[in-house]
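Each chain, letter by letter, is given below.
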Amino acid sequence: MEPLFSGLFDAVPDALIVVDGQGRIAMANRQAEQLFGYAGGELAGTEIEMLLPEEARGRHRGYRAGYMAKPHLRPMGATGQTLVGLRRDGSQFPVEIALSPIDSDAGPRYLASIRDISETQRARQALVRAGYDALVARIGQLALETENEVGVLGEVPDLLADALKIETVAILALRPDRQTVEIRAAKGLDADRNPVDAGIFAAALESGASVIADDFASSAPPFPLRHDSAGSGALIPLIDRNRAVGALIAYSRQPRRFDHDALHLLQSVANLLAALAQRRHTEEQLAHAQRLDALGQLTGGIAHDFNNLLTVMSGSLQLLELETEGRAEMQELIATALRSVSRGAELTSKLLAFARRQRLLPQATDPRVLLQDVELMLRRTLGNAISLRLDCESDLPAAFVDPTQLEAALVNLALNARDAMPQGGEIRIGARQVLVDSTRSSGELPVGYYVLVSVSDTGQGMSPDTLARAMEPFFTTKESGRGSGLGLSMVYGFAKQSGGHLQINSAQGRGTRVDLYLPVTHAAAQGAAPASAGRATSGGETILVVEDDPAVRNIAVAFLRSSAYKVLAVASAEDARQVLLDTPDIALLFSDVMLGSGRNGKELAEEARQLRPDLPILLTSGYEEHAISGAADFDLLRKPYRREQLLATVQRLLAAAVRIDGS
Ligand SMILES: Nc1ncnc2c1ncn2[C@@H]1O[C@H](COP(=O)(O)OP(=O)(O)OP(=O)(O)O)[C@@H](O)[C@H]1O
Ligand SMILES: [Mg+2]
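Owing to the predicted nature of the structure, the values given are computational and were not obtained by experimental measurement.

> Whenever I open this one, the overall build of the chain confuses me. Can you help?
When you go through the chain residue by residue, the secondary structure sums to 18 helices and 22 strands. Taking 2.2 N^0.38 as the reference for a compact globule, 663 residues should give roughly 26 Å; the C-alpha atoms of the chain span a radius of gyration of 42 Å, well beyond that estimate. Taken along its principal axes, the extent of the C-alpha atoms in the chain is 140 × 55 × 45 Å. Residue burial in the chain is summarised as follows: out of 663 residues, 44% are buried. Counting contacts in the chain only where the partners sit at least 6 residues apart, residues at least 24 apart contribute 65% of the total. Of the roughly 33500 Å² of accessible surface on the chain, 52% is carried by carbon and sulfur atoms. Of the side-chain charges in the chain, 67 are positive and 82 negative, and the distance between the mean point of each set is 3 Å.

> Before we go on, may I ask you to explain the pattern of salt bridges in this structure?
Two side chains that carry opposite charge are able to pair once their charged atoms sit near each other. In total, this model carries 32 salt bridges according to the counting rule given. The partner of E42 in a salt bridge is R88, with the nearest N and O atoms 2.6 Å apart. Separated by 46 residues along the polypeptide, E42 in the loop between α2 (30–36) and α3 (54–69) and R88 in the loop between β3 (83–86) and β4 (92–102) bring together distant segments of the chain. The class of R88 is partly exposed, set by a relative accessible area of 48%. Here the salt bridges share partners, and the residues they tie into one network are E47, E49, R61 and R64.

> What is the right way to read the sheet that holds strand β1 (residues 15–20) from this model?
Paired through their backbone hydrogen bonds, the strands of a sheet run either parallel or antiparallel. The strand order β2-β1-β5-β4-β3 describes an open sheet built from five strands, whose pairing is antiparallel. Unpaired on one side and paired on the other, β2 (25–28) and β3 mark the two borders of the sheet. Put simply, the sheet's adjacent strands are angled 40° from each other on average, direction ignored. The pairing of β3 with β4 spans four bridges and is classified as antiparallel. Bridge pairing in β4 links L83 to V95. Contacts from helix α1 (residues 3–11) reach β1, β2 and β5 (109–116), with the element oriented near 75° to β2. Strands β1, β3, β4 and β5 of the sheet are contacted by α3, whose axis makes an angle of about 20° with β4.

> I'm lost on the packing of helix α7 (residues 260–323) against helix α8 (residues 328–354) in this one. Help?
Packed helix pairs are characterised by how far apart their axes lie and by the angle those axes make with each other. Look at α7 against α8: their axes get within 8 Å of each other, and the N-to-C directions meet at 160°. The orientation of α7 relative to α8 falls into the category roughly antiparallel. With respect to the hand of their crossing, α7 and α8 are arranged in left-handed fashion. In the contact of α7 with α8, the residues fall into 16 nonpolar, nine polar and one charged.

> Got a minute to help me understand the site of ligand 1 in this structure?
What surrounds ligand 1 is a group of 19 residues, the closest being N416, T476, T477, K478 and S484. A distance of 2.6 Å separates an oxygen atom of ligand 1 from a polar side-chain atom of S484. Protein chains shield 92% of the accessible area of ligand 1, which is 590 Å² for the free molecule. Those elements that place two or more of their residues in the shell around ligand 1 are α10 (403–419) and α13 (487–497). Tallied by class, residues from the shell around ligand 1 come to seven nonpolar, 10 polar and two charged.

> Is there a simple way to explain the packing of helix α4 (residues 118–145) against α7 in this structure?
For the pair α4 and α7, the least separation of the axes is 10 Å and the interaxial angle reads 5°. Between α4 and α7, the interaxial angle falls into the category roughly parallel. Each of Q125, R129, Y132, L135, V136, I139, G140 and A143 in α4 lies in contact with α7, whose residues at this interface are D261, A262, L265, S268, V269, L272, L276 and R279. The residue inventory of the contact of α4 with α7, partitioned by class, reads 10 nonpolar, three polar and three charged.

> Help me understand a nonpolar patch on the surface in this model?
A grouping of L298, I302, F306, L309 and M313 is seen on the molecular surface, where their side chains present a nonpolar patch of about 490 Å² in accessible area. Among the structural elements, L309 can be located in helix α7.

> Got a minute to help me understand the confidence of the model for the chain in this structure?
Detailed reading of predicted coordinates is not advised where the pLDDT is low. Here the chain averages 87 in pLDDT, while 93% of its residues score no lower than 70. The low-confidence segment residues 528–536, where pLDDT is below 50, has six contacts with residues more than four positions distant or belonging to other chains.

Cut-off values and rules
- Residues numbered from 1 in each chain as written.
- Chains lettered and ligands numbered in written order.
- Predicted model: local features only at pLDDT ≥ 70, side-chain atom pairs only at ≥ 80, totals over all residues.
- Heavy atoms only, no water.
- Helix = DSSP H or I, 4+ residues; strand = E, 2+ residues; numbered from the N terminus.
- Rg over C-alpha atoms; globule rule 2.2 N^0.38 Å.
- Buried < 20%, exposed > 50% of the residue type's maximum accessible area, 1.4 Å probe, protein only.
- Contact = heavy atoms within 4.5 Å.
- Areas by Shrake-Rupley, 256 points an atom, 1.4 Å probe, with all protein chains shown as cover.
- Lys, Arg positive; Asp, Glu negative; His and termini not counted.
- Charge placed at Lys NZ, Arg CZ, Asp CG, Glu CD.
- Salt bridge = Lys/Arg side-chain N within 4 Å of Asp/Glu carboxyl O.
- Pairing = 2+ DSSP bridges.
- Axes fitted to C-alpha atoms, helices over the stretch in contact; angles between N-to-C directions.
- Parallel < 35°, antiparallel > 145°, perpendicular 65-115°, else oblique.
- Left-handed = near helix turned anticlockwise from the far one by under 90°.
- Nonpolar A, V, L, I, M, F, W, Y, C, P; charged D, E, K, R; others polar.
- Near = heavy atom within 4 Å.
- Polar contact = N/O pair within 3.5 Å; in protein donor to acceptor, adjacent residues only side chain to side chain.
- Patch = residues over 30% accessible without salt bridge, like charges linked within 9 Å, V, L, I, M, F, W, Y side chains within 5 Å.
- pLDDT = per-residue confidence, 0-100.

Now the structure itself:
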């Protein structure tokens with residue numbers, strides 16, 4: 001070789017290699033030897049493929065034969081693919097190669113000029129990554145700006161497909177039936193070319209893990225989009241409270257389109273979308289709870305007024321009953337009217353339950369015992385077409401609830417389940433302990449342990465519209481006369497007032513499960529309290545009645561007089577105080593809690609206790625909120641009361657006072 005050429009060959013900053021027609025290295029300059037980690041002269045005579053990773057060698061020999069058959073000038077970077085070089089120490093690095101055939105006396109020769117592009121590539125990678133980060137920030141900002149999640153969702157597929165330079169990006173969700181797929185947003189999703197396989201999609205979500213298919217030709221995990229055999233794809237689940245509810249799917253017809261950075265981008269966007277969905281969910285739940293609260297306020301007020309009316313009606317009727325003793329057809333009419341009144345009282349008590357103004361007597365209740373108690377009654381009520389299964393975890397802690405109300409709640413739920421299965425089916429009632437933690441609670445329940453009582457059926461389930469309104473008072477889909485629409489309202493109010501929660505899971509055609517969360521107590525469960533009964537007879541004592549509503553006052557007076565008590569009646573706490581001071585032989589104070597203006601019945605009761613510590617006191621209220629917050633220290637009679645109830649209570653209190661006195 002000419003000295004000039006040889007000097008030039010070594011002086012060029014690029015690595016140069018000359019290859020002969022058999023692919024052997026004829027010459028390599030110093031830069032080439034250094035780049036690949038060889039000593040001077042070591043490369044000469046070896047096959048060029050030595051400088052490539054083993055797995056690329058076979059393919060390269062093929063390329064080489066093709067090139068040599070039709071040699072031409074090929075500049076750097078012309079293939080568009082990254083080529084990889086192999087150093088002597090085994091390490092690899094990205095290279096760009098320019099090729100040119102050269103004339104030579106010794107036969108065909110080819111000059112390869114090789115450049116290490118590690119640095120360039122790193123810079124390019126950093127640029128891509130910065131672009132991805134900017135995209136995540138942009139989507140986050142969109143989410144903050146837009147009120148509704150739908151707007152953000154719509155933009156995400158386009159933005160991602162652009163950034164990743166791929167054809168298809170879609171956000172898919174599984175419908176509540178968990179069998180059909182909803183396309184929430186998509187770019188380049190062609191229903192004919194890439195139909196979605198709902199079964200594979202559901203299975204992927206069930207596992208909760210991402211699915212990455214680098215190259216469908218070589219390794220093909222089940223992927224829910226129909227794909228070209230050489231393509232690549234990624235599925236990232238969208239997690240809402242520990243459960244995959246949908247997925248972000250990216251697909252390209254080319255292999256290996258999802259490197260580490262691309263997957264990182266997809267994961268970040270999926271996290272953002274999941275957070276968005278969770279926010280919407282929480283807001284919806286809040287709105288639902290607020291709506292029920294507002295309804296509760298309204299119905300609570302109405303129920304209270306109704307209760308007063310019912311007290312008057314029922315009292316008048318009961319007095320008439322006494323007056324007309326022995327006149328059968330009149331007694332018949334009165335009995336009919338009384339039945340309607342007690343039906344009305346039932347309705348108002350359900351409304352009060354919904355408004356969380358029911359008088360609850362919570363106590364440590366063993367759910368297992370209670371379930372066994374209701375079982376027999378339910379079996380009889382439900383009939384043969386429905387099988388009932390009870391499934392109670394052992395070692396359940398006691399729930400702190402009013403057992404009578406819990407029974408009523410279970411009966412309501414079981415009847416709803418029965419009504420949803422006109423052809424028969426199965427009802428399961430289960431009880432177990434659950435921990436509500438911050439990921440599950442979504443603000444509806446304080447974190448902690450609960451007894452979860454679930455009633456599930458195999459019935460027709462509810463449409464989304466029905467589900468959204470099922471707990472509202474008077475919402476019913478049953479024909480008129482069959483349902484009042486107060487069952488679930490009552491159960492909801494009871495759960496809430498007890499410090500628990502009610503949750504309904506239902507989908508059309510797939511049955512219903514109602515979850516009743518009840519607070520746990522570690523006190524030992526009590527047996528049922530013995531009911532106190534006794535005939536009401538009077539010893540002619542004097543009773544002070546305090547009631548601001550004249551009609552209700554008259555009824556109370558009449559009830560008491562009918563049993564030969566002497567009665568003094570006043571309308572206010574102030575008047576009552578005066579009577580107590582003036583009349584020492586008052587034997588019992590009977591007062592309404594709500595007394596219009598001035599002091600209320602509870603304040604009066606406390607004052608009376610100061611004045612006459614031994615005086616038996618009985619309060620009455622139809623407005624249970626006051627009863628709960630006010631009068632735990634005093635006996636309370638719920639309005640509307642029946643004559644016998646009033647007389648029995650009065651008599652019990654008088655008898656107890658006598659015992660304390662020792663007289
Ligand atoms: N287990 C269930 N399966 C299907 N739908 C149900 C179920 N439970 C309740 N629903 C739906 O919710 C509605 C409201 O139920 P809710 O118990 O409050 O009232 P109701 O049963 O219609 O009347 P009521 O209980 O006062 O007799 C029902 O009419 C029904 O459409
Ligand atoms: Mg019902």
